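Chain residues, written in single-letter form:
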Amino acid sequence: MNDLPLFLPCAAGVEPWLAEEVARVGGSGAREVQAARGGVRLAADWAAVMRLNLHSRLAQRVLVQVGHAPYRHEDDVYAAAIAVAWEAWFTPRQSFKIELTAHQSPLKSLNFAALRIKDAVADRFRERGGVRPDVDTQRPDVRVFAHLGAEQLTLYVDTSGEPLFKRGWRADKGDAPLKETLAAAMLAASGWDATVPLYDPCCGSGTIAIEAAQIACGIAPGLLRRFGFERLAGHDAAAWAAIKAQAQAARHAPTAPVFGSDVAHRMVDFAQRNAERAGVAAALQLRGGDALQRMPPSENPGVLLLNPPYGERIEAAGVAGRGRGGREQAQMAQAGDFFAQLASHWKRHYAGWTAWVLSPDAKLPTRMRLKESRRIPMWNGPIECRLFRFDMVAGSARARDAAPGD
């Protein structure tokens, strides 16, 4: 298995950074790396498959393409699926699950299409050995992914198992936890290279800070978990043990300090326990305190990176897809006051720092009375957000612009 076609899905907008990560992590075993809609495509050997699962912070999964065919009807879907040599990937003693996505598919029932793929997989095993594997929708041994385009069906074997954002260390979380993959995308987009301090003043259960501390310590994100490829046929346990041992040996002392704080001391406790499980408790300084009052945690300027909690993130629906009533307007007014005060606090005390704020509010710079130097589209689940960059200097932006000789 030295020339496997892979697809690594990711959140919309993250593709360029994932392509860079894949090329770096995959090494010589990854070829023809190309950013695509919703992910990255490449050709890779099996060692690269294992390394990508272990080291990728941005991918949602590592999928091996096993089938690709045109279709018009459900019978075409069945024919394409039964032609795949599923017996090369798992045995009839293992359970499986079909997960289907679609984009502009002409089929009327996607559930029926998934059922036809399930039947094709089971029938192939029965025809060759007389035994059908069981379907398990909760804890399957093997996950089969299918994507229906406008004219083409693509079939994949999943090598990750649980989604890659499940690192294995977050047992304590708040009301609206940020996915680890999105936190990693924020870090990648900010350009933080683990050489200057990083501070999240609204750290919640610690996701951004812990991801940053692991990067600073060279800790692979998947060291604490198991992967789907460990249950696939032909799994090379010795090669996998060597890859993990290499990752363990690459751990080192932090190259930059990482800080986090939150107004809720309960969340700080959560973050501390999560940091201990993630192996970065000694590399991460966590404190309680209001973001409007916390002073810089480092003498040297660095990067502020945060996903502040308010209306849109705490309430699942938020402003996405519905108008604002009185409650929503009150929330936005309160948020505007908070952000205006936060910007004033930063201008007084955080000169020289670069602030990155993830928000679903396109008017956030106006509320902060700051001019952003960059805005990067990102999706937090179903919520369209932007990652704003603000370059902090002392005094107001308006006064700075009016200064002679500036």
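Structure first, text after, so check above.
Quick look at the structure, then. (Residues numbered from 1 in each chain as written. Predicted model: local features only at pLDDT ≥ 70, side-chain atom pairs only at ≥ 80, totals over all residues. Heavy atoms only, no water.)

Section: the sheet that holds strand β3 (residues 39-44)
Sheet strands associate in pairs through backbone hydrogen bonding, adopting either a parallel or an antiparallel arrangement.
And step 1. Taken together, 7 strands build an open sheet; the order of strands is β2-β3-β1-β4-β7-β6-β5 and the sheet is mixed. Every interior strand has two partners, whereas the edge strands, β2 (30-36) and β5 (96-102), have only one. Mean inter-strand twist for the sheet, computed between neighbouring axes without regard to direction, equals 30°.
And step 2. Judged from the 2 bridges that link them, strand β1 (residues 4-9) and strand β4 (residues 63-70) form a sheet pairing that is antiparallel. Among the inter-strand pairings, Leu 6 is bridged to a residue of β4, identified as Val 64. (Pairing = 2+ DSSP bridges. Helix = DSSP H or I, 4+ residues; strand = E, 2+ residues; numbered from the N terminus. Axes fitted to C-alpha atoms, helices over the stretch in contact; angles between N-to-C directions.)

Observations regarding the pairing of β2
And step 1. Judged from the 5 bridges that link them, β2 and β3 form a sheet pairing that is antiparallel. Looking at the pairing, Ala 30 lines up with Ala 44 of β3.
And step 2. The antiparallel pairing of β2 with β3 creates a hairpin that spans 2 residues between the two strands, and Gly 38 there sits at a positive phi of about 80°.

Some words on the packing of aromatic side chains
And step 1. All told, the structure shown has 11 aromatic pairs when counted by the stated rule.
And step 2. Seen in terms of ring centroids, Phe 388 and Phe 390 are 6.2 Å apart; in terms of plane orientation they differ by 20°. Their pairing is stacked.
And step 3. The buried category is assigned to Phe 388, whose relative accessible area is 0%.
And step 4. Through a chain of ring-to-ring contacts, the aromatic side chains of Trp 46, Trp 89, Phe 227, Phe 229 and Trp 240 assemble into a single cluster. (Phe/Tyr/Trp six-rings, centres within 6.5 Å; stacked < 30°, edge-to-face > 60°. Buried < 20%, exposed > 50% of the residue type's maximum accessible area, 1.4 Å probe, protein only.)

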